[in-house]
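So the chains spell out like this:
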Amino acid sequence: MEPNTSYKLSSSIYRKSQIGELLREIKEVKLNFEQSLIRDSQVRFDEHLLSSELKSIFEKNNIKITNLNELKIVEANLSLTFKNLKSIHFSFSQPASNDFLVKLIRYLRKEINPLIVLSVGLDPSIGIGTRLRTTNKYFDLSLATRLQAKRAALLNRIKESES
Amino acid sequence: MTIWWLAVIAFGVICLGTGFIYLALKLNKIEKNRSDSGNKLLNALDQSPEKDVEHIFNNEFREELRNRGRLHFDKVIGDNAMFLQQDLRLTTSELNQFMKDEISKTLKSEFSKYEQSISDAKQLAVESIQKTLAAIEEQRKTFTNQINDEVNKDKERMIARFEERMTDILNHYLLEAVGDQVDLESQLEYIINDLEANKQGIIEDLKNGA
């Protein structure tokens, strides 16, 4: 297990708050494990106590905990992962389903950055498409903007049909 | 010889002149005597008629003369009355004719003036109406031009507004038409294509972002 490494995230974890929850969970797990070791030094780490999200990260990154140090490394890595997360804010015209967000995060992590997390907003004026905001930039990928870009061509077509 | 003849002629003329002067003097004397005897005769004649007149023109004769004169006067008066009546009738008829003519002439003159004034008034009214019509026509043209300008401006404004907001209108129309049939799942491919098109920009910003 290598320290100072950002973990790969499963597609079911796509919000920054989820990572924060996992971080709090791993701290609690570590504390419980420490207490258990104080009571019984031979005690082993029980992965069944972990949440399904944390388990999915363990599986995705082939993490096997055998002692407290490994658990501390996982906590540190997870904390580092939390710090390195790249957040993108998406706005849609209607509430996004979980399946949709999972598909979207898969694409984003595969093609853009593996540490991307999403925050999702609602903006009915978008209609079709989306608007996204990164740290410094704003991308309007709505149909209205695309039509606006093609406005000259559309006007030409209208004028041609009039003449 | 000539001198002798001249002397004879001169002597003859002198003799004739002397004869004439003698005759004139004689005639003058005779005339004087005759006038004196005439005066005496005339005085006698003047006195005798007066006596005869008083004798002839007595009261009966005077009455008769007066009656005759009265009759004659009546006759003259009657004749003159008839003539006067005729003259009066003639004059009246002439006067009537004259009055008719004068009144007709005056009326004709007044009527012609009246007709002239009516004609002038009519002409003025026609000119006024024509001017009013021309003004109305001009105003109509002005209003028409203004309305056309306003309509054209409004049309251009509407077209400009439509062109300006065309994309919003189309987008709104599409949303109204198919908005409830296009869910995010079906938009995913479209969104991913757009993300693919902007991938580099997103990567850059995520890499360089604070």
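In what follows, the structure referred to is the one given above.
Here's a quick rundown of the structure. (Residues numbered from 1 in each chain as written. Chains lettered and ligands numbered in written order. Predicted model: local features only at pLDDT ≥ 70, side-chain atom pairs only at ≥ 80, totals over all residues. Heavy atoms only, no water.)

Residues and elements named next belong to chain A. Per the stated rule, a full pass over the model turns up 3 aromatic pairs over all chains. Judged by centre distance (5.4 Å) and plane angle (90°), the ring pair of Phe-33 and Phe-45 falls under edge-to-face. With Phe-33 in helix α1 (residues 16-39) and Phe-45 in the loop between α1 and α2 (52-60), the pair connects residues that are 12 residues apart, well separated along the chain. No difference in accessibility class separates Phe-33 from Phe-45, as the two residues are buried. Note on Phe-92 and Phe-100: the rings are 5.2 Å apart at their centroids and 85° apart in plane angle, and the pair reads as edge-to-face. Note on Phe-92: relative accessible area 0%, which makes it buried. (Phe/Tyr/Trp six-rings, centres within 6.5 Å; stacked < 30°, edge-to-face > 60°. Helix = DSSP H or I, 4+ residues; strand = E, 2+ residues; numbered from the N terminus. Buried < 20%, exposed > 50% of the residue type's maximum accessible area, 1.4 Å probe, protein only.)

Turning our attention to the pairing of strand β4 (residues 138-142) of chain A. All names here are of chain A. Direction of pairing for strand β3 (residues 129-133) relative to β4: antiparallel, over a ladder of 5 bridges. Each bridged residue has a counterpart across the sheet, and for Thr-130 the counterpart in β4 is Leu-141. Where β3 folds back onto β4 in an antiparallel hairpin, the turn is made up of 4 residues. (Pairing = 2+ DSSP bridges.)

Right, let's get into the interface of chain A and chain B. Between chain A and chain B, the residue contacts involve 44 residues of the former and 30 residues of the latter. Our count for the contact surface shared by chain A and chain B stands at 3 salt bridges. Of the charged contacts in the structure, one is a salt bridge between Arg-146 of chain A and Asp-194 of chain B, with a shortest N-O distance of 2.4 Å. At the surface where chain A touches chain B, the tally comes to 13 residue pairs in polar contact (both at pLDDT 80 or more). Every element with two or more residues in the side of chain A that touches chain B is listed here: β1 (86-92), α4 (98-111), β3, β4, α5 (143-149) and α6 (151-162) of chain A. The biggest single contributor to the side of chain A that touches chain B is α4 of chain A, with 7 residues. Residues of the side of chain A that touches chain B, tallied by class, amount to 23 nonpolar, 13 polar and 8 charged. (Contact = heavy atoms within 4.5 Å. Salt bridge = Lys/Arg side-chain N within 4 Å of Asp/Glu carboxyl O. Polar contact = N/O pair within 3.5 Å; in protein donor to acceptor, adjacent residues only side chain to side chain. Nonpolar A, V, L, I, M, F, W, Y, C, P; charged D, E, K, R; others polar.)

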